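Observations on the model geometry
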Amino acid sequence: MGTLEKETDASGVGGAPGAPEAGPAAPPRWLAPKEQEAWRAHLATSKLLSRQLDRDLHPFGLSINDYEILVVLSESPEHRLRMTDLADATAQSRSRLSHQITRMEATGLVRRDSCPGDKRGLFAVLTDTGMATIEQVAPHHVESVRRHFISLLDENQLAALREGYAGVIAHLRTIRERD
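Residues numbered from 1 in each chain as written. Predicted model: local features only at pLDDT ≥ 70, side-chain atom pairs only at ≥ 80, totals over all residues. Heavy atoms only, no water.

Brief notes about the packing of helix α3 (residues 64–74) against helix α5 (residues 94–106)
This is how the line gets drawn: Each axis is a line fitted through C-alpha atoms, taken for helices only over the stretch in contact, and angles between the N-to-C directions span 0 to 180 degrees. Helix numbers and strand numbers start at the N terminus; a helix is a DSSP run of H or I with at least 4 residues, a strand a run of E with at least 2. Angles below 35 degrees are treated as roughly parallel, those above 145 as roughly antiparallel, those between 65 and 115 as roughly perpendicular, and all remaining angles as oblique. Throughout, a residue-residue contact means that at least one pair of heavy atoms, one from each residue, lies within 4.5 Å.
Between α3 and α5, whose axes approach to 11 Å, the crossing angle comes to 90°. In terms of axis orientation, α3 runs roughly perpendicular to α5. Of α5, the residues touching α3 (which contributes Asn65, Asp66, Ile69 and Leu70) are Arg96, Leu97, Gln100, Ile101 and Met104.

Structure below.
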């Protein structure tokens, strides 16, 4: 995004996907106007929606990242996950997740337990306080999601989003697994 984004030529040709791999001779594949509109709409929606959902969680003392971790742990067997698996499930780096869990431990929402048979491995575990918090906050969060997202789209638009994002998510998860 920026001032250098231009249209592709009429044929849509402009280089192969993954331009850095194509080498310096490949010209950039600028976004066509409709592609640019879609990309910018995605960026704006993602940022504005995340900001609003985060704001709606603040009265409960939670951030959107806290809430996501509580949800993932509440849905996991025994309400616990290895830290590496939790990082993958929440699309966070191991380092960022570690800092996030440290903050959440300080408020009593989660704790860390060692992994039997793996001295270096740790579990993030949802505490009783964390479970009570998610049970209290979930109805408010779901209403916020409905008000700011779901209710603004019809069934066809929701289906198009699910289908459209499925390939993007699969692609990005594949890349993440290689990191």
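Overview of unusual backbone geometry
Counted only if it meets this: For each residue, the accessible area found with a 1.4 Å probe, counting protein chains only, is set against the maximum for its type, and the residue is called buried under 20%, exposed over 50%, and partly exposed in between.
Despite not being glycine, Glu78 has its phi angle at roughly 60°, a positive value. Assignment of secondary structure puts Glu78 in the loop between α3 and β1 (80–82). On the basis of relative accessible area, Glu78 is assigned to the exposed category, the value being 63%. Its identity is not glycine, yet His79 carries a phi of approximately 55°, on the positive side. Inspection of the secondary structure assignment puts His79 in the loop between α3 and β1. You can call His79 partly exposed: its relative accessible area is 30%.

Notes on a nonpolar patch on the surface
Worth spelling out the cut-off: Candidate patch residues must exceed 30% relative accessible area and have no salt bridge, after which like charges are joined if within 9 Å and Val, Leu, Ile, Met, Phe, Trp or Tyr side chains if within 5 Å. Accessible surface area values rest on a Shrake-Rupley calculation with a 1.4 Å probe, where residue burial reflects the displayed protein chains alone. When a carboxyl oxygen of Asp or Glu lies within 4 Å of a side-chain nitrogen of Lys or Arg, that pair is called a salt bridge.
Among the surface-exposed residues, Tyr165, Val168, Ile169 and Leu172 lie close enough to one another that they form a single nonpolar patch of about 340 Å² accessible area. With respect to the secondary-structure elements, Tyr165 resides in helix α7 (residues 155–178).

Describing the side chain of His141
Structurally, His141 is set in helix α6 (residues 128–148). Among residues more than four places away in sequence, those in contact with His141 are Leu53, Leu57, Ile64 and Tyr67.

Details of the pairing of strand β3 (residues 118–126)
Spelled out, the test is: Two strands pair under a simple rule: DSSP has to find at least two bridges between them.
Pairing of β1 with β3, which is carried by three bridges, proceeds in the antiparallel orientation. Following the sheet pairing, Leu81 is matched in β3 by Ala124. Bridge count for strand β2 (residues 110–115) against β3 is six bridges, and the pairing is antiparallel. Among the inter-strand pairings, Arg112 is bridged to a residue of β3, identified as Ala124.

Re α5
The criterion, for reference: In a helix, the anticipated span is given by 1.5 Å times the number of residues less one.
Between its first and last C-alpha atoms α5 spans 19 Å; for 13 residues at 1.5 Å apiece the expected length is 18 Å, and the two agree. The secondary structure elements touched by the buried residues of α5 are α3, α4 (83–89), β2 and β3. Trailing α5 by a residue or two, Gly108 shows a phi angle of about 80°, which is positive.

Here's the deal with helix α2 (residues 33–57)
Within an α-helix, residues lying three or four positions from one another point in the same direction, as the helix has 3.6 residues per turn. Compared with an ideal rise of 1.5 Å per residue, which puts 25 residues at 36 Å, α2 spans 36 Å between its outermost C-alpha atoms and is within 8% of the ideal. Of the residues making up α2, those classed as buried are Gln36, Leu43, Leu49, Leu53, Asp54 and Leu57. Contact partners of the buried residues in α2: α3 and α6.

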